[in-house]
Amino acid sequence: IGDLVWVDANRNGTRDASDPVAPGVRVVVTWHGADGVLGGDDDVVVEVRTGTDGTYLADGLPAGRYTVTFDRTTFPRTTTAYADLDGGDPLVTTVDLALDQDRVDVDLVLRLPDVLAVTGAAVGLLALLTLLLIGGGVLLRRRAERAIE
């Protein structure tokens, strides 16, 4: 089980040559055990990290059901999980592995924060400051007009 963790820098949902990869991301692959039920005494946990090329691979796994969990504390700074293979919670993916099968489609897409969201408070503050300056300018003009009269 493996694939790639990458950052959708241009936010188009497609892996482009300019999109960076995410090295050092901790990936926890949990086999649900022979009973196929997560949380039982027969579960087996394998931990790997993405390489410098953003890829990871947990190999030599027996057939069965797996949960793949990505550790958000190891993501590149300011990135958040955006999309994964099953379309649910991007931090957790459940897959089935057949005998002698290679699942190299369990990827994770990260995104940088939306620039407007990051600067939203700053924009609001700037708008307030602008209104105060305009209002102050109007007030000063009126005082100057009264002083001339």
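In this text the structure is predicted, and so the values were computed from the model without any measurement.

Draft legend 1. Fine view of the packing of aromatic side chains. In the structure shown here, the tally under the stated rule is one aromatic pair. Ring geometry for Y56 against F70: centres 5.9 Å apart, planes inclined by 85 degrees, an arrangement best described as edge-to-face. Taken together, the residues span a long stretch of sequence, with Y56 in strand β4 (residues 55-57) and F70 in strand β5 (residues 64-70) at a distance of 14 residues. An identical accessibility class is assigned to Y56 and F70; each is buried. Above the plane of the ring of Y82 lies R111, whose end atom (NZ or CZ) is 3.5 Å from the centre.

Draft legend 2. Fine view of the pattern of salt bridges. Here the structure, examined in full by the defined rule, presents five salt bridges. Across the pair R111 and D8 runs a salt bridge whose closest N-O atoms are separated by 3.3 Å. A residue pair is termed long-range when its members are at least 10 positions apart, and R111 in strand β8 (residues 108-111) and D8 in the loop between β1 (2-7) and β2 (26-31) qualify at 103 residues. There is no split in this pair, since R111 and D8 are both buried.

Draft legend 3. Fine view of the sheet that holds strand β6 (residues 80-84). In space, the four strands of this open sheet follow the order β4-β1-β8-β6, with mixed pairing throughout. Lying at the two open borders of the sheet, with one neighbouring strand each, are β4 and β6. Pairs of neighbouring strands in the sheet enclose a mean axial angle of 25 degrees, with direction left out of account. Of the pairings in the sheet, the one linking β6 to β8 comprises four bridges and is antiparallel in character. Bridge assignment links D84 to a residue of β8, and that residue is L108.

What counts, and at which threshold
- Residues numbered from 1 in each chain as written.
- Predicted model: local features only at pLDDT ≥ 70, side-chain atom pairs only at ≥ 80, totals over all residues.
- Heavy atoms only, no water.
- Phe/Tyr/Trp six-rings, centres within 6.5 Å; stacked < 30°, edge-to-face > 60°.
- Helix = DSSP H or I, 4+ residues; strand = E, 2+ residues; numbered from the N terminus.
- Buried < 20%, exposed > 50% of the residue type's maximum accessible area, 1.4 Å probe, protein only.
- Lys NZ or Arg CZ within 6 Å of the ring centre and 35° of its normal.
- Salt bridge = Lys/Arg side-chain N within 4 Å of Asp/Glu carboxyl O.
- Pairing = 2+ DSSP bridges.
- Axes fitted to C-alpha atoms, helices over the stretch in contact; angles between N-to-C directions.

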